[in-house]
Amino acid sequence: MQNRIKESRERLGLSQGRLAELCDVSRQTINAIENDKYDPGLQLAFDLARVLELTMEECFIPKKEA
């Protein structure tokens, strides 16, 4: 799954650390999500979308199968 976390976070002027605090996770978790190394669970996905002022569909994009 691809995401728009980094662009949205930067648009709001949030650091990875601040976004992590707002979502009650570690900065490393945010970094892993931004770099497509980790797909968040449902609750974290909803938290990220809420904090970043996005819908789930705007925040996460399914990868197209080849």
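Structure's up top.
Read on for an overview of the structure. The shown structure was predicted, so the numbers you read here are calculated from the model rather than taken from an experiment. (Residues numbered from 1 in each chain as written. Predicted model: local features only at pLDDT ≥ 70, side-chain atom pairs only at ≥ 80, totals over all residues. Heavy atoms only, no water.)

## Focus: the packing of helix H2 (residues 16-23) against helix H4 (residues 42-51)
And step 1. Here H2 crosses H4 at 120°, and the two axes come no closer than 10 Å. Comparing their axes, H4 and H2 come out oblique. As for how H2 packs across H4, the hand of that crossing is right-handed. When H2 is examined against H4, the residues Leu19, Leu22 and Cys23 are found in contact with a partner set consisting of Leu44, Asp47, Leu48, Arg50 and Val51. (Axes fitted to C-alpha atoms, helices over the stretch in contact; angles between N-to-C directions. Helix = DSSP H or I, 4+ residues; strand = E, 2+ residues; numbered from the N terminus. Parallel < 35°, antiparallel > 145°, perpendicular 65-115°, else oblique. Left-handed = near helix turned anticlockwise from the far one by under 90°. Contact = heavy atoms within 4.5 Å.)

## Some details on the nonpolar core
A general feature of soluble globular proteins is that nonpolar side chains tend to end up buried together.
And step 1. Within the largest apolar cluster, 16 residues are counted, with the highest numbers of intra-cluster contacts made by Ile5, Leu19, Cys23, Leu48, Leu52, Cys59 and Phe60.
And step 2. Elements with a contribution of two residues or more to this core: H2, helix H3 (27-34) and H4.
And step 3. Sort the elements by how many residues they give to this core and H4 lands first, with five residues.
And step 4. Residues contacting Phe60, with those up to four places away along its chain left out, are Met1, Gln2, Asn3, Ile5, Pro40, Ala45 and Leu48. (Core = buried A, V, L, I, M, F, W, Y, C linked by side-chain atoms within 4.5 Å. Buried < 20%, exposed > 50% of the residue type's maximum accessible area, 1.4 Å probe, protein only.)

## Re the environment of Ile61
And step 1. Looking at the secondary structure, you find Ile61 in strand S2 (residues 60-61).
And step 2. Residues Ile61 and Met1, spaced 60 residues apart in sequence, show a C-alpha to C-alpha distance of 5.9 Å.

## A word on the pattern of salt bridges
And step 1. For the coordinates displayed, the defined rule picks out three salt bridges.
And step 2. Put simply, Arg9 and Glu34 hold a salt bridge, and the shortest N to O gap is 2.5 Å. Placement of the pair is Arg9 in helix H1 (residues 5-11) and Glu34 in helix H3, with a sequence separation of 25 residues. As far as the burial class goes, Arg9 and Glu34 line up, both buried. (Salt bridge = Lys/Arg side-chain N within 4 Å of Asp/Glu carboxyl O.)

## As for the environment of Leu52
And step 1. Here Leu52 is to be found in the loop between H4 and helix H5 (56-59).
And step 2. Since its relative accessible area comes to 0%, Leu52 is described here as buried.
And step 3. With 33 residues separating them along the chain, Leu52 and Leu19 place their C-alpha atoms 8.6 Å apart.
And step 4. The residues touching Leu52, leaving out its near neighbours within four places in the chain, are Ile5, Ser8, Arg9, Arg11, Leu12, Leu14, Leu19 and Cys59.

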